[in-house]
Every structure is written in structure tokens, then in C-alpha cells.
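An overview of the molecular structure
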Amino acid sequence: MIIIYAIFGHIDYIVLLFTGDLTSLIYTLFCSMGHAIWDTVYLIAYHITNFNTYFIFLTLARLIAPLIAAIVASRFGEKRLNSFLGVFLTALVSMVISIILMYISVSYQLIIAGTFLGNGALFIVVLGSLLNGFIFGLIAFFTTKRS
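These figures come from a predicted structure and were not determined experimentally. (Residues numbered from 1 in each chain as written. Predicted model: local features only at pLDDT ≥ 70, side-chain atom pairs only at ≥ 80, totals over all residues. Heavy atoms only, no water.)

Moving on: helix 5 (residues 53-76). Residues separated by three or four positions in an α-helix point in the same direction, a consequence of the helix having 3.6 residues per turn. In this model helix 5 runs 34 Å from its N-terminal to its C-terminal C-alpha over 24 residues, within 8% of the 34 Å that 1.5 Å per residue would give. Three or more residues of helix 5 are buried, namely Y54, I56, L58, T59, A61, R62, P66, A70, A73 and S74. If you follow the buried residues of helix 5, they end up packed against helix 1 (2-7), helix 2 (11-19), helix 4 (37-49), helix 6 (80-104), helix 7 (106-112) and helix 8 (121-143). (Helix = DSSP H or I, 4+ residues; strand = E, 2+ residues; numbered from the N terminus. Expected span 1.5 Å × (residues − 1). Buried < 20%, exposed > 50% of the residue type's maximum accessible area, 1.4 Å probe, protein only. Contact = heavy atoms within 4.5 Å.)

Here's what the structure looks like:
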């Protein structure tokens, strides 16, 4: 996300990320797998149809970060199961941190789940994180060279 901010000239967002509220830094570092994958695909399609390139790349970062984590886990995992479980554990940690942020602030409920807690945001985050862990865990599982 820092690269995307720099490319589009939002240097002030980078400074604000590290000097502003601590929850924004925690959100940026830990909540990439807390977003439901169907919501991410929907947002990418929405921004493509509206020609919002800045938001296309910001939303695409939600898919690229776990993909990089899956590739790194597959390269460092000694066995396929270790790679899968490493990525799945990352998704579980991201889910817990996303839930904590959602209980701290209403704005993070809208950012992470797209809705409020009473309307099913908790269900979206839990199911989305588990699905992300499973999908990206399978990517790590099948790209591991060791058996």
C-alpha cells in the first residue's frame, strides 16, 4: 500500500500511516486477509467499471499481500502441510485482529466488512478469513516443492 500511495502522490498518507492513529497501522499490517475475498473481487469489478485506477490498486493489494505470503510460505515451508498451516494461521490471526478492530471502531466495521456488526459483519469477517486461509493455503500447499 505504501508503494501505491507513493505512485499516486499521496505521500501524506504514508506519513499519516506511521505518525497517526495506531489502529490504522495495525489495520494496514495485519488485516489484509480479514477482508472477504468475494467483497474484494466485487470492489475490484466496481472500480474497474468506474475507472478508479487508484482504488483498483488499493483493492488489488488485498489480494496481492496474501498471495505473496502464500508464495513465501511455500518457499520456506519444509512440508506442504506446514506451508498450508502457516498461511491458514496467518488468516486466523488476521481474523482475530480484524474482529478486535471492528469492536473498537465503527469505521473499521465498514472498512473491513462493508457493513455494521448487527448486519452480519462478524459473519462476513469470520467466513471470509477462513475462506482466504483455505484458498491461499492451497496455493501455498500446491506450490511447495517438497512433499
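Before going further, it helps to examine the environment of A140. Along the chain, A140 turns up in helix 8. When the C-alpha positions of A140 and I11 are compared, they lie 33 Å apart, and in sequence the two are 129 residues distant. Look past the residues within four positions of A140 in its chain and what remains in contact with it is A70, A73, S74, S83 and V87.

We now examine the packing of aromatic side chains. Inspection of the entire model under this criterion finds 9 aromatic pairs. Aromatic pair Y42 and Y46: ring centres 6.4 Å apart, planes at 25 degrees, arrangement stacked. Here Y46 and Y42 lie together in helix 4, a separation of 4 residues that amounts to about one turn. Accessibility expressed as a relative area gives 53% for Y42, which makes it exposed. For Y46, a relative accessible area of 41% puts it in the partly exposed group. (Phe/Tyr/Trp six-rings, centres within 6.5 Å; stacked < 30°, edge-to-face > 60°.)

A few words now on the packing of helix 6 against helix 8. Orientation of helix 6 relative to helix 8, taken along the N-to-C sense of each, is 160 degrees, at an axis distance of 8 Å. In terms of orientation, helix 6 lies roughly antiparallel with respect to helix 8. For the element pair helix 6 and helix 8, the recorded crossing hand is right-handed. Split into classes, the residues belonging to the contact of helix 6 with helix 8 amount to 20 nonpolar, 5 polar and 1 charged. (Axes fitted to C-alpha atoms, helices over the stretch in contact; angles between N-to-C directions. Parallel < 35°, antiparallel > 145°, perpendicular 65-115°, else oblique. Left-handed = near helix turned anticlockwise from the far one by under 90°. Nonpolar A, V, L, I, M, F, W, Y, C, P; charged D, E, K, R; others polar.)

Let us now look at the environment of A91. With respect to the helices and strands, A91 occurs in helix 6. You can call A91 buried: its relative accessible area is 1%. The spatial distance from the C-alpha of A91 to the C-alpha of F134 is 8.6 Å, given a sequence separation of 43 residues. Setting aside residues up to four positions removed in sequence, A91 forms contacts with M33, S129 and G133.

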